[in-house]
Amino acid sequence: MESESNEKSSKSSASNRNIIYRDCVVNSDGIWVCTFPKASTTWKQDMIWNIVNDLDFKKKTLRFIKTHLPFQLLSRQLREGKRKCKMIYVSKNVNDTCISYYQFAKLMSEDFNIPCEDYCESFLENKRYLLIIQLELLNDLQSVIKKVTIFLGNTLSDEQVEPLASHLSFSNVKGNSAVNYELHTAKVQSGNEKLGRGSAVSGKFMRSGEVGQWKTAMTEE
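Residues numbered from 1 in each chain as written. Predicted model: local features only at pLDDT ≥ 70, side-chain atom pairs only at ≥ 80, totals over all residues. Heavy atoms only, no water.

J.: Just to check I follow, could you spell out the overall build of the chain for this structure?
T.: Looking only at helices and strands, the chain has 11 helices and three strands in total. When burial is assessed residue by residue, the chain has 19% of its 221 residues classed as buried. A fraction of 57% describes how many contacts in the chain between residues 6 or more apart in sequence connect residues 24 or more apart. Surface accessibility of the chain: about 17,100 Å² in total, with carbon and sulfur atoms responsible for 54%. (Helix = DSSP H or I, 4+ residues; strand = E, 2+ residues; numbered from the N terminus. Buried < 20%, exposed > 50% of the residue type's maximum accessible area, 1.4 Å probe, protein only. Contact = heavy atoms within 4.5 Å. Areas by Shrake-Rupley, 256 points an atom, 1.4 Å probe, with all protein chains shown as cover.)

This is how it looks when you write it as structure tokens:
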């Protein structure tokens, strides 16, 4: 019974903390640095601090908050945009984060004696996410294909990767009616015309596949 009582008390305390996090009041002049633990947070925080203080290393202005809370536990005022704080998210290669976390755990506890291999295996066993940036697809599609293949637990030879990269080039995908949604786009545009919602706007579902288009569509402001 005592064990059950302690467990309920622990869950209740955690729930109360979550409510406090989500409902806390934040100031609009704050700058939030959000990261997973041991993802070069302090390093980036120091950079940001010096930039906004014009390299005055002793000056104290604005509010700097460093947090490792998951997004759903951040203040609602932040998540819903009610306060115009600036937020900077820092990411780090998950394997490097794993090693940093392992070394940190050893540093913080004399009783921490888990072998590095076992720790890494446990840390990475639920590695279900892979981050891919569009620029990588444009600059080195073959490397991205290889990275995704390994992540999915499949195997492709170099002889297989090359034709797949050719098949997946943006120009080929754009012209592939099986995946380019052109038939669907045409139906929507035609339906809008028939319903009197204006003439169909010319354009393609898959447009240019280029990086930096915002420079010609947006002003510096």
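J.: What is the right way to look at a nonpolar patch on the surface in this model?
T.: Together, Leu 130, Leu 131, Ile 132, Ile 133, Leu 135, Leu 137, Leu 138, Phe 151, Leu 152 and Val 211 give the surface a local cluster of nonpolar side chains, amounting to about 860 Å² of exposed area. Breaking the nonpolar patch down by element, the ones donating at least two residues are α6 (134–139) and α7 (141–152). With three residues, α6 is the largest single contributor of residues to the nonpolar patch. Structurally, the position occupied by Leu 138 is in helix α6. (Patch = residues over 30% accessible without salt bridge, like charges linked within 9 Å, V, L, I, M, F, W, Y side chains within 5 Å. Salt bridge = Lys/Arg side-chain N within 4 Å of Asp/Glu carboxyl O.)

J.: I'm lost on the state of the cysteines in this one. Help?
T.: Cysteine pairs can be covalently joined through their sulfur atoms, and such a bond is termed a disulfide. Using the criterion set out here, one finds zero disulfides in the structure. Not engaged in a disulfide, the cysteine Cys 98 finds its nearest cysteine sulfur in Cys 120; these two sulfurs lie 3.6 Å apart. The buried category is assigned to Cys 98, whose relative accessible area is 1%. (Disulfide = S-S within 2.5 Å.)

J.: Would you mind going over the packing of helix α4 (residues 94–108) against helix α5 (residues 116–124) with me for this structure?
T.: In a pair of packed helices, the angle between the axes and the distance between the axes together describe the arrangement. Between α4 and α5, whose axes approach to 10 Å, the crossing angle comes to 130°. Relative to α5, the element α4 is oriented oblique. Remark: the crossing between α4 and α5 carries right-handed chirality. Only Cys 116, Tyr 119, Cys 120, Phe 123 and Leu 124 of α5 make contact with α4, whose side of the interface consists of Val 94, Asn 95, Thr 97, Cys 98, Ile 99, Tyr 101 and Tyr 102. (Axes fitted to C-alpha atoms, helices over the stretch in contact; angles between N-to-C directions. Parallel < 35°, antiparallel > 145°, perpendicular 65-115°, else oblique. Left-handed = near helix turned anticlockwise from the far one by under 90°.)

J.: Please clarify how a negative patch on the surface should be interpreted in this entry.
T.: Where like charges cluster on the molecular surface, the negative patch consists of Glu 117, Asp 118, Glu 121 and Glu 125. Within the element layout of this structure, Asp 118 appears in helix α5. Of the residues examined, Asp 118 reaches a relative accessible area of 43% and is grouped as partly exposed. (Lys, Arg positive; Asp, Glu negative; His and termini not counted. Charge placed at Lys NZ, Arg CZ, Asp CG, Glu CD.)

J.: What am I meant to see in the layout of surface pockets here?
T.: Over the atoms rolls a probe the size of a water molecule, and in doing so it shows where empty space is left. Of the voids in this model, the largest pocket is the one considered here, and its volume is about 1,200 Å³. As for the largest pocket, its lining consists of 33 residues, of which Tyr 89, Ser 91, Lys 92, Val 94 and Tyr 129 are closest to the centre. Of all the secondary-structure elements, those providing two or more residues to the lining of the largest pocket are β1 (30–35), β3 (86–90), α4, α5 and α7. With four residues, the single largest contributor to the lining of the largest pocket is β3. Of the residues belonging to the lining of the largest pocket, the class tally is 21 nonpolar, seven polar and five charged. Approximately 250 Å³ is the volume found for the second largest pocket. In terms of lining, the second largest pocket is formed by 10 residues, of which the most central are Leu 137, Leu 141, Leu 168, Ser 169 and Phe 170. When residues of the lining of the second largest pocket are assigned to their parent elements, the largest contribution, three residues, is made by α6. Per-class residue counts for the lining of the second largest pocket are seven nonpolar, three polar and no charged. (1 Å grid on protein atoms, 1.4 Å probe; cavity = no way out; pocket = protein on both sides within 12 Å on 5 of 7 lines; lining within 4 Å. Points joined across faces, edges and corners; volume = space filled by probe spheres on them. Nonpolar A, V, L, I, M, F, W, Y, C, P; charged D, E, K, R; others polar.)

J.: Even after reading the chapter, I still don't get α7, so can you show me in this structure?
T.: End to end, α7 covers 16 Å across 12 residues, agreeing with the expected 16 Å (1.5 Å per residue, within 8%). Considered for burial, the residues of α7 that qualify are Leu 141, Val 144, Ile 145 and Thr 149. Buried residues of α7, seen end-on, are gathered within an arc of 135° and therefore sit on one face of the element. Lining the buried residues of α7 we find α6 and α8 (158–167). Downstream of α7 by one or two residues, Gly 153 has phi in the positive range, about 80°. (Expected span 1.5 Å × (residues − 1). Arc of directions from axis to C-beta.)

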